[in-house]
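Here's the letter readout for the chains.
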Amino acid sequence: MKMSFRWYGERDPISLEKISQIPGMHGIVSAVYEVPVGQEWPEERIDALKSQAAAHGLAFEVVESVPVHERIKMGAPDADALIGVFAENLRRLAKAGVKVVCYNFMPVFDWLRSELARTLPDGSNALAYDEEAVLKLDPSKGDLSLPGWDESYTKEELRALLDQYKNINDEKLWENMERFLKKVIPVCDEAGIKLAIHPDDPPWSLFGLPRIITGANSYERLFSIEPSDSNGVTLCTGSLGADPANDLPAIIRKYARKIHFVHARNILITGGRQFQESAHPTECGSLDMYAIIKALVESGFDGYIRPDHGRMIWGETGKPGYGLYDRALGACYLSGLWEGISKTIL
Ligand code: DNO
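Let me begin by describing the structure that accompanies this report. Source: prediction; values computed, not measured.

## Focus: the overall build of the protein chain
- Along its length, the protein chain carries twelve helices and twelve strands.
- Taken against the 2.2 N^0.38 rule, which gives 20 Å for 346 residues, the C-alpha radius of gyration of the protein chain at 19 Å falls within 12% of a compact globule.
- A buried classification covers 55% of the 346 residues belonging to the protein chain.
- By sequence separation, contacts in the protein chain at least 24 residues apart represent 72% of the contacts at least 6 residues apart.
- Carbon and sulfur atoms provide 50% of the accessible area of the protein chain, an area that totals close to 14,000 Å².
- A distance of 2 Å separates the average location of the 38 positive side-chain charges in the protein chain from that of its 49 negative side-chain charges.

## So, the sheet that holds strand E3 (residues 59–64)
- The parallel closed barrel is built from eight strands, whose spatial order is E1-E2-E3-E4-E7-E8-E9-E12. For this sheet the average axis-to-axis angle between neighbouring strands, irrespective of direction, equals 30 degrees.
- Here strand E9 (residues 259–264) runs beside strand E12 (residues 304–307); their pairing, made up of four bridges, is parallel. Within the sheet, the bridge partner assigned to Val 262 lies in E12 and is Ile 305.
- Sheet strands in contact with helix H7 (residues 170–191) are strand E4 (100–103), strand E7 (194–197) and strand E8 (231–236), and its direction is about 150 degrees off that of E7.

## Quick word on the pattern of salt bridges
- Inspection of every chain in the model, using the stated rule, returns 30 salt bridges.
- When the shortest N-O distance is used, the salt bridge between Glu 88 and Arg 92 registers 2.8 Å. Note that Glu 88 and Arg 92 are positioned in helix H4 (residues 79–95) at a spacing of four residues, about one turn of the helix.
- For Lys 254, the salt bridge goes to Glu 220, with nearest N and O atoms at 3.3 Å. Here Glu 220 lies in helix H8 (residues 216–225) and Lys 254 lies in helix H10 (residues 248–255), a separation of 34 residues in the sequence.
- Connected through shared salt-bridge partners, Arg 6, Glu 64, Arg 113, Asp 201, Arg 265, Glu 277, Arg 306 and Asp 308 make up one network.

## Overview of the site of the ligand
- The environment of the ligand is made up of 15 residues, and the closest members are Glu 64, Ser 65, Asn 104, His 309 and Tyr 322.
- At 3.3 Å from an oxygen atom of the ligand is found a side-chain nitrogen or oxygen belonging to Trp 111.
- For the ligand, whose accessible area on its own is 330 Å², the fraction buried by protein is 97%.
- Per-class residue counts for the shell around the ligand are five nonpolar, five polar and five charged.

## Some thoughts on H7
- In this model, H7 (22 residues) spans 30 Å end to end at C-alpha, consistent with the 32 Å of a helix rising 1.5 Å per residue.
- Taken together, the buried residues of H7 touch helix H3 (70–74), H4, E4, E7, H8 and E8.
- A positive backbone phi angle near 85 degrees is found at Gly 192, which sits one or two residues after H7.

## Some words on a nonpolar patch on the surface
- Residues Trp 314, Tyr 325 and Leu 329 make up a contiguous nonpolar surface patch of about 340 Å² in total accessible area.
- Judged by its relative accessible area of 41%, Leu 329 falls in the partly exposed class.

## So, the sheet that holds strand E11 (residues 274–277)
- The strand order across the open sheet formed by four strands is E5-E6-E11-E10, and the pairing between neighbours is antiparallel. Bordering the open sheet on either side are strand E5 (115–119) and strand E10 (267–271), each of which pairs with just one other strand. With strand direction ignored, the average angle separating the axes of adjacent strands in the sheet is 35 degrees.
- Looking at chain direction, E5 and strand E6 (residues 125–130) are connected through three bridges and run antiparallel. Bridge pairing in E6 places Arg 118 opposite Ala 126.

## Here's the deal with unusual backbone geometry
- With an omega of -10 degrees, the peptide bond between Glu 64 and Ser 65 qualifies as cis.
- Residue placement: Ser 65 occurs in the loop between E3 and H3.
- Across the junction of Asp 201 and Pro 202, the peptide omega takes the value -5 degrees, indicating a cis bond.
- Note on placement: Pro 202 falls in the loop between E7 and H8.
- Even without being glycine, Arg 273 reaches a positive phi, approximately 50 degrees.
- Considering the arrangement of structural elements, one finds Arg 273 in the loop between E10 and E11.
- Judged by its relative accessible area of 40%, Arg 273 is partly exposed.
- In this structure, Trp 314 is a non-glycine residue whose phi angle is positive, near 55 degrees.
- For Trp 314, a relative accessible area of 62% gives the class exposed.

## So, the nonpolar core
- In terms of nonpolar packing, the biggest core is built from 95 residues, with Met 177, Phe 180, Leu 181 and Leu 195 touching the most fellow members.
- By residue number, the principal contributor to this core is H7, which donates nine residues.
- Setting aside chain neighbours within four positions, we find Leu 181 in contact with Tyr 103, Pro 186, Leu 195, Leu 222, Ile 225, Glu 226 and Asn 231.
- Membership of the second largest hydrophobic core comes to seven residues, among which are Val 100, Cys 102, Ala 196 and Tyr 304.

About the cut-offs
Residues numbered from 1 in each chain as written. Predicted model: local features only at pLDDT ≥ 70, side-chain atom pairs only at ≥ 80, totals over all residues. Heavy atoms only, no water. Helix = DSSP H or I, 4+ residues; strand = E, 2+ residues; numbered from the N terminus. Rg over C-alpha atoms; globule rule 2.2 N^0.38 Å. Buried < 20%, exposed > 50% of the residue type's maximum accessible area, 1.4 Å probe, protein only. Contact = heavy atoms within 4.5 Å. Areas by Shrake-Rupley, 256 points an atom, 1.4 Å probe, with all protein chains shown as cover. Lys, Arg positive; Asp, Glu negative; His and termini not counted. Charge placed at Lys NZ, Arg CZ, Asp CG, Glu CD. Pairing = 2+ DSSP bridges. Axes fitted to C-alpha atoms, helices over the stretch in contact; angles between N-to-C directions. Salt bridge = Lys/Arg side-chain N within 4 Å of Asp/Glu carboxyl O. Near = heavy atom within 4 Å. Polar contact = N/O pair within 3.5 Å; in protein donor to acceptor, adjacent residues only side chain to side chain. Nonpolar A, V, L, I, M, F, W, Y, C, P; charged D, E, K, R; others polar. Expected span 1.5 Å × (residues − 1). Patch = residues over 30% accessible without salt bridge, like charges linked within 9 Å, V, L, I, M, F, W, Y side chains within 5 Å. Core = buried A, V, L, I, M, F, W, Y, C linked by side-chain atoms within 4.5 Å.

Shown next, in the form of structure tokens:
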């Protein structure tokens, strides 16, 4: 297991020095965030990330994310050219020593929450999701401002995009994904990259948009498109776990070979389609983090793992979900679980 930490590049208020001081930290998870989606990443920018990380004793072997252009997801006429750009970025990343590339196939929105800073009884705050509140929002009116997704759309562009998706149902989105995977997985096989799709978050459809990576059934279909292990997943416990039907330890045991990257976070389910992000330990949320880590250890997982979506504690402010303190505590807790479990059972 290689413990990692997301770093948003030079604009990230959390320095590489601070990340390197977290015990047991192997490397960073980053990306060339400043290049617009659909364009090639300059090799100098990739190399710069690598050498910045190395200067702090950190590896740069995981990219999150190479974004998939909406026109690829829509199956537009220029999709093939855009898939070509995606593939070229994979080749360049492989050349710089990157091993795993995370991506997602969620139309328009990435992860979605109704609150970015819900105050918790202990005075900390966390991201929260309440379906009723989300459905009252009208994204085309600019009601939504989320830290996870591309905020560069104007209201008009967003409205046009939502309109274009009106003709795309789950089946069509699967077809477009198939077209994408058939082209990029052979490139991954050749270059030595493991592609790792992030599940939809939350794992169900919203605003009438199709969403297809939601649980074990989606994984069956995904792997049947391209059986190569390069066609793998980012197992995000908090995303899949928001749907109690997803038995995470069972999913891990069944698809271990396909899991290249883990986002290990806990959530507290507060009602039907309602949850808030909690601290990482089992006792703080609804997910059994011990059982999740045990399943990974017992399956021989030796990929990358990172804490995810910390609360804001000790007065910290910053990018919601991506402060230093709670994620650092999470990393230590996960490493502790890992050591305890592996020394007991192996
Ligand atoms: C949220 C993240 C997601 C993730 C992308 C992967 O915190 O887990 O934004 O990076 O969905 O493509």
